[in-house]
Amino acid sequence: MSLKNHTVLSGVQPSGDLHIGNYLGAIKNFINMQDDFNCYFCVVDLHAITVKQDPESLRRNTLEVVATYLASGIDPKLSVIFNQSSVSMHAELSWILNCVTRMGWLNRMTQFKDKAGKDRENVSSGLFIYPNLMAADILLYKATHVPVGNDQKQHLELTRDIAQRFNRDYNCENFFPSPEPIIDNDISRIMSLKNGLQKMSKSDPSEYSRISLTDDNDTIIKKIKKAKTADVPMPDNLNDVLVLSEINNLLNIYSGFSSMKKEQLIDQYKGENFSNFKSELSDLLVSKIEPIAIEVKKLMNDKSFLFDVLSDGKKRATEIATKTLNDVYDIVGLLRYDS
Ligand code: AQP
């Protein structure tokens, strides 16, 4: 069945080097969807500035996310690749949605609580209303499906609430669709290599908490060697693995990069200490990440190609975004006229 009348939108923040969590939770799904769906993949630079970014690094990271998309297998002919700030309608629609979303809804967002931590009074107001911008990203293209990691599930549920509230408040049934999250449950939350209860994250101060898609082979091997395991051998069943969060995480990573189920891996390594398991996991990661890292490096030396991809994506995205925003302005009653 062709799903070309269904639209997918997702994005990644240019807030640092992308890691295997971003790959397994999001990018891998993007690649699987581009043949069947109408796909928009953006680099969400406006989201990144909800926390302080160095301008030069932000520009570089934005291009590096584009390079990583391409190196991972996103085809710019099939998918629209662009950076969020280049299509001004994202910011414009997010303002309208700020006026639809209820404060109580935003107050329930756990990612804000996690990211703001104890410093709630001092974080930017952008971090608080971030989910409204994410809703604008999705609804601007009337996306029906959104491939994300588990950490974004709550924001997606909020997007559905916002869409329904807008449709109801403005009496325009079905104007915005209710987008469905696409989440691969087993690998949708890759955890830190140092702490199996903490999400792997670009902004974790420890490099050893994550494996970046641009890490060289020696670094990958070193990081896996240092990854936390357990004081007991590999259990022989999934239930016992689930209580060992670091082992469970390494198995999720192994399974995400291979075609093997966790149960098969447990069967293969049960009763062993983790040195053999870690060495084979390193080999697997090196074989998958090395070609991506090489290609990212090559593409980062061809900036004019990256800008060509972005310009083409911006043009294609702007076409749809303009139409939706014009319709929204009409629905809301904002006066528009030719100057
Ligand atoms: N650890 C993860 N496991 C699975 N999926 C993940 N994603 C992020 N971390 C994991 C998914 O990757 C996509 C892009 O994420 P993002 O860059 O927009 O923001 P994030 O979720 O805030 O990612 P980070 O790495 O934690 O960045 P920082 O440290 O800058 O906040 C999303 O689909 C996300 O679910």
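These figures come from a predicted structure and were not determined experimentally.

Mind showing me how you'd approach the packing of helix α3 (residues 55-72) against helix α13 (residues 275-300) here?
Packed helices, taken two at a time, are described by their axes: the angle between them and the distance between them. Orientation of α3 relative to α13, taken along the N-to-C sense of each, is 130°, at an axis distance of 9 Å. Taken together, α3 and α13 sit at an angle that is classed as oblique. Between α3 and α13 lies a crossing whose hand is right-handed. On α13, the residues that touch Arg-60, Leu-63, Glu-64, Ala-67, Thr-68, Leu-70, Ala-71 and Ser-72 of α3 are Ile-292, Glu-295, Val-296, Leu-299 and Met-300.

How should I be thinking about the pairing of strand β2 (residues 37-43) in this particular structure?
When a strand is regular, its side chains alternate between the sheet's two faces. Among the seven residues that make up β2, six are buried, leaving the element largely enclosed by the rest of the structure. In this sheet, strand β3 (residues 79-83) lies alongside β2 in parallel orientation, the contact comprising five bridges. Note that in β3 the partner of Val-43 across the bridge is Asn-83.

Sorry, what's going on with the site of the ligand here?
With respect to spatial proximity, 22 residues lie near the ligand, and among them Lys-115, Asp-151, Ser-201, Lys-202 and Ser-203 are the closest. Within the contact set of the ligand, an oxygen atom lies 3.2 Å away from a side-chain nitrogen or oxygen of Asn-22. Between the ligand and the protein, one listed contact pairs an oxygen atom with a side-chain N or O atom of Ser-201 at 2.6 Å. Its free accessible area being 640 Å², the ligand has 97% of it covered by the protein chains. Only β1 (3-12) and α1 (20-33) provide two or more residues apiece to the shell around the ligand. Of the residues belonging to the shell around the ligand, the class tally is five nonpolar, twelve polar and five charged.

What's the story with the domain arrangement of the chain in this structure? I'm lost.
A common way to express how large an interface is: the accessible area buried when the components associate. Parsing the chain into structural domains produces domain 1 (7-188 + 303-332) and domain 2 (207-298). A C-alpha centroid distance of 29 Å is found between domain 1 and domain 2. Of the roughly 1,300 Å² buried at the junction of domain 1 and domain 2 (both faces included), carbon and sulfur atoms supply 74%. Taken together, the connections running from domain 1 to domain 2 amount to zero salt bridges. Scanning the region where domain 1 abuts domain 2 turns up three residue pairs in polar contact (both at pLDDT 80 or more). Only α1 and α3 provide two or more residues apiece to the side of domain 1 that touches domain 2.

Quick question: what am I supposed to make of α3 here?
Side chains of residues three or four places apart in an α-helix project in the same direction, reflecting 3.6 residues per turn. Between its first and last C-alpha, α3 extends 26 Å over 18 residues, near the 26 Å set by a 1.5 Å rise per residue. For α3, the buried fraction is high: 13 of the 18 residues fall into the buried class. Positive phi shows up at Gly-73, right after α3, with a value of about 120°.

Would you mind going over the environment of Ala-71 with me for this structure?
With respect to the helices and strands, the residue Ala-71 is situated in helix α3. Exposure remark for Ala-71: the relative accessible area of 17% places this residue in the buried category. Taking the C-alpha atoms as reference, Ala-71 lies 37 Å from Asn-239; in sequence the two are 168 residues apart. Apart from the residues lying within four places of it in its own chain, the contact partners of Ala-71 are Ile-292, Glu-295, Val-296 and Leu-299.

Definitions and limits used
- Residues numbered from 1 in each chain as written.
- Predicted model: local features only at pLDDT ≥ 70, side-chain atom pairs only at ≥ 80, totals over all residues.
- Heavy atoms only, no water.
- Axes fitted to C-alpha atoms, helices over the stretch in contact; angles between N-to-C directions.
- Helix = DSSP H or I, 4+ residues; strand = E, 2+ residues; numbered from the N terminus.
- Parallel < 35°, antiparallel > 145°, perpendicular 65-115°, else oblique.
- Left-handed = near helix turned anticlockwise from the far one by under 90°.
- Contact = heavy atoms within 4.5 Å.
- Buried < 20%, exposed > 50% of the residue type's maximum accessible area, 1.4 Å probe, protein only.
- Pairing = 2+ DSSP bridges.
- Near = heavy atom within 4 Å.
- Polar contact = N/O pair within 3.5 Å; in protein donor to acceptor, adjacent residues only side chain to side chain.
- Areas by Shrake-Rupley, 256 points an atom, 1.4 Å probe, with all protein chains shown as cover.
- Nonpolar A, V, L, I, M, F, W, Y, C, P; charged D, E, K, R; others polar.
- Domains from an automatic or database assignment.
- Buried area = accessible area lost by both parts, 1.4 Å probe.
- Salt bridge = Lys/Arg side-chain N within 4 Å of Asp/Glu carboxyl O.
- Expected span 1.5 Å × (residues − 1).

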